[in-house]
Structures are given as structure tokens and as C-alpha cells.
Amino acid sequence: MRRFLLCAWLALAAPMALAQAVTPPPIAAKSYLLVDALSGQTLAAAAESDRFEPASLTKLMTAYVAFAALRDHKLEMAQMITPSTQAQKAIGSRTFIEAGKPVAVSDLLRGMIVQSGNDAAVALAEAVGGTEEGFVAMMNAQAARMGLADTKFANATGTPAPGHYSSARDMVTLAGALMRDFPEHYPLYSQREFTYNGIKQGNRNRMLWTDPTVDGMKTGFTEAAGYCLLASAKRGERRLISVVLGTQSDTARTTESQKLLNFGFQAYETRLLYRKGQVVVTPEILKGTRASVPLGFDRDIWLTLPRERFTGLAGLLETRQPFVAPLAAGQKAGIIRITRDNAPLAEYPVVALEDVPVAGFLSRGWDTLRLMFR
């Protein structure tokens, strides 16, 4: 393992969660989490991996699977769906669709997202999965692919059921995936009201009215779950995602979410350190078609720190050398370890930015001799 002490321009490239450095305000919720979406770092948390009933936050996964069906052309926005009696009779919040009366997929999505209609959610589930049960299997398969270890769904609506649970951490991960994978549909979560069947209903996310930087995402409530809210706000380049589970009232889930978001924006800052593909070092490579290989990052690198703390950082790049061809673009080639005042903070892998194929026989033979005498 060869180590290189890098100058300050490389010393910041570590978008991993740092130890919480600023104490958040008291949050009146059974569980909560605040994450910076750019860096992925946790800014505040309590019981974030504990399992709770997610109520209508469940519909984030219902929407994700429906959006995937739209992407794969298994469903179309203008497609007309004929709701079943089971869909019409779904208990809880409703869009007031009618069994046997066709409704557009676009209206079902707005009914589920804006109005939190359980009937619309069931109709979408049946359209995509054949039955709600079949759709739930798709939801759980997607949760497994996302690594949501503390999540299991029993229905598409969030209606209380045995074995239906999630966690604050999993919900934030799901929300981030939804925004990343389906940005074209995310604006639905900022829609304040929707009218269907002559009935106008407002979005239950009060923050859409009280904070102009909030543009989503979903509320939830059952007697067992309490009042829940997953919110997302963007101020400048930064986006924060917060979730509170188990608050005591509609007002409380709004005020506690606002406290979290304000804390994150005011106490922390996030900086872009490196662009995807930016070359940070070019070590020698043997037996290849070129003499050196460019190393860097396979995505943009952001770092979140308490304000006024972007000083005193140092970085150490560790690589296994010598490099020997072949080396593929994207292949891990080393680790950057980040410290502050000699205390370890985080680490992040660097990768090869270009392919380096094996060279011809003569070049390989010469490099073999060089290796023997190292």
C-alpha cells in the first residue's frame, strides 16, 4: 500500500457521514431524521432505524413502483383505468373514484399523491400488479433492491396491518431514490390541491403553504402511527430531507419538521469538492498501453460540515502500487482518508477514470523486468 499526502485541494473529498457536531433542537417525535441530499450525510437523528407503522408514507413506494411502470411503458399517463369495487371501498382518505367508471392514470396519481386517496392507490396497484397483493410483492421486491432492511409492506395504502412497517432511515432513502430516479414526476408532490369528481381537496402537507422552499413530499396518519411527515426543501443548491414519525398532531408534525429543516440549513453548509470525472492524481501503470492512469471519482463529491468548519482538514490517498494493466474505468483504485487535526473523519474510494488495456508483448516484457527489480 503506497500513501500520498495530498494538498488541500484534495483534502476535502469525503462525502460520508461525519459524527454529529451540532446539537439539534428538541424534536417532539418518536423518531426523526434529517439528511443532506447532496452529501448523503445525517445532520440529526433519533431512533431512525427503529421500526414504526409508516401510515400513508407507504404511498411513496406505491408511487415509485407506479412511476417505474410508466418508465417501462407498462402504464401510460393518459391510460384509462376502470377501478374495481375493492378500490372504491378502500377505507380512509379517498379521491372518490367510482367502481366501473374509467379514470386516467394521471388523475389516480394526483389523487394518491395530493389527496392521499387510498382508493386511488388501490386502483393503481391493481393496474400495475393485477391485484393489490401482486403489487405489494413488487413493492417489497423494490424495497429489497434499495436495501431497506427495516421495511416490509402489507398493502399499497398504509392501512394498519400486521407486518407492515418501516423506519425513518428507510423512508428518507426511499424519498431520495424517488427524486433521483423520477425527477419528471417529483413536481406532483408540490401540488397544493386537486379536484376529482367535483370534489376539491387540499394537500395535507401544510409546509407547502408555510415555507416556500418546501416542495414535497408526504404526510401520514393512523391512530397507532400518530402524525407523520416526510418533507423536502431546497435552498440554493442544497436540498434537505426530513422525516418525523409519531408526533401528536397535524400542527406538531409541521412545526417539528420546520425546526429540523431550519436547523440543517442554518447550522451546516455543503460544498461541492469535485466534479464527476475530475482527475485528482495520475500514478504510473505497468504493462499497459499508457504510462499512467487518471484517478478520480465516479460521481460529484459533496461535503457537509458545520458552518465555519471547512478548515484544518487533511487528506491521505492510499493506493496499492504498482498498478498493473489491465485496469477498467470505474474500477476501485484507492481510498482517500480525511482527517481534521489528525482525527479520522471519513473515507471515500477513488476509481480509474479510463480503461488501460494490456500492452503488447515487448512492453509487457520490459515492465516484467522492472517489477522484478523493485
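Figured I'd write up the structure that's included with this text.

Conventions and cut-offs
- Residues numbered from 1 in each chain as written.
- Predicted model: local features only at pLDDT ≥ 70, side-chain atom pairs only at ≥ 80, totals over all residues.
- Heavy atoms only, no water.
- Helix = DSSP H or I, 4+ residues; strand = E, 2+ residues; numbered from the N terminus.
- Buried < 20%, exposed > 50% of the residue type's maximum accessible area, 1.4 Å probe, protein only.
- Contact = heavy atoms within 4.5 Å.
- Areas by Shrake-Rupley, 256 points an atom, 1.4 Å probe, with all protein chains shown as cover.
- Phe/Tyr/Trp six-rings, centres within 6.5 Å; stacked < 30°, edge-to-face > 60°.
- Salt bridge = Lys/Arg side-chain N within 4 Å of Asp/Glu carboxyl O.
- Core = buried A, V, L, I, M, F, W, Y, C linked by side-chain atoms within 4.5 Å.

## Considering the overall build of the chain
The helix and strand tally for the chain stands at 9 helices and 19 strands. When its C-alpha atoms are laid out on the principal axes, the chain stretches across 80 × 50 × 35 Å. Relative to its full complement of 374 residues, the chain shows a buried share of 52%. Of all intrachain contacts in the chain linking residues separated by at least 6 positions in sequence, the fraction that spans at least 24 positions is 66%. Here the chain has roughly 16,500 Å² of accessible surface; of this, 54% comes from carbon and sulfur atoms.

## A short note on the environment of Glu133
In this fold, Glu133 is placed in helix H5 (residues 132-146). Measuring from C-alpha to C-alpha, the distance between Glu133 and Gln321 comes to 53 Å, with 188 residues separating the pair along the chain.

## What to know about the packing of aromatic side chains
Taken as a whole, this structure holds 7 aromatic pairs when the rule is applied. Of the aromatic side chains, those joined through ring pairs into one cluster are Tyr64, Phe67 and Phe182.

## Remarks on the pattern of salt bridges
Within the structure shown, the criterion is met by 16 salt bridges. Notably, a salt bridge pairs Arg235 with Asp211, separated by 3.1 Å at the nearest N-O pair. Remark: Asp211 occurs in the loop between helix H7 (207-210) and strand S8 (214-222) and Arg235 occurs in strand S9 (residues 226-235); sequence separation between them is 24 residues. Residue class for Arg235 comes out partly exposed when judged on its relative accessible area of 27%. We note a salt bridge from Glu347 to Arg337, for which the minimum N-O separation is 2.4 Å. Linking Glu347 in strand S19 (residues 343-352) with Arg337 in strand S18 (residues 332-340), this pair joins segments that are 10 residues apart in sequence. Classification of Arg337 as partly exposed rests on a relative accessible area of 30%. Within the structure, one salt-bridge network assembled from shared partners comprises Arg206, Asp250 and Arg253.

## Some thoughts on the side chain of Thr219
With respect to the helices and strands, Thr219 occurs in strand S8. Discounting residues that sit within four places of it in the chain, Thr219 has contacts with Ser56, Leu57, Arg204, Asn205, Cys228, Leu229 and Arg253.

## A few points about the environment of Ala55
Turning to its location among the elements, Ala55 is positioned in the loop between strand S3 (42-46) and helix H1 (59-71). By relative accessible area, Ala55 is classed as buried at 0%. Sequence separation between Ala55 and Phe182 is 127 residues; the distance between their C-alpha atoms is 23 Å.

## Here's the deal with the nonpolar core
Counting 62 residues, the largest nonpolar core has Met61, Phe67, Leu109, Tyr189, Met217 and Leu230 as the members making the most contacts within it. Residues within four places of Leu109 in sequence aside, it is in contact with Ala66, Phe67, Leu70, Met77, Leu124 and Leu188. Grouped together as the second largest cluster of nonpolar side chains are 19 residues, Leu34, Leu43, Val214 and Leu260 included.

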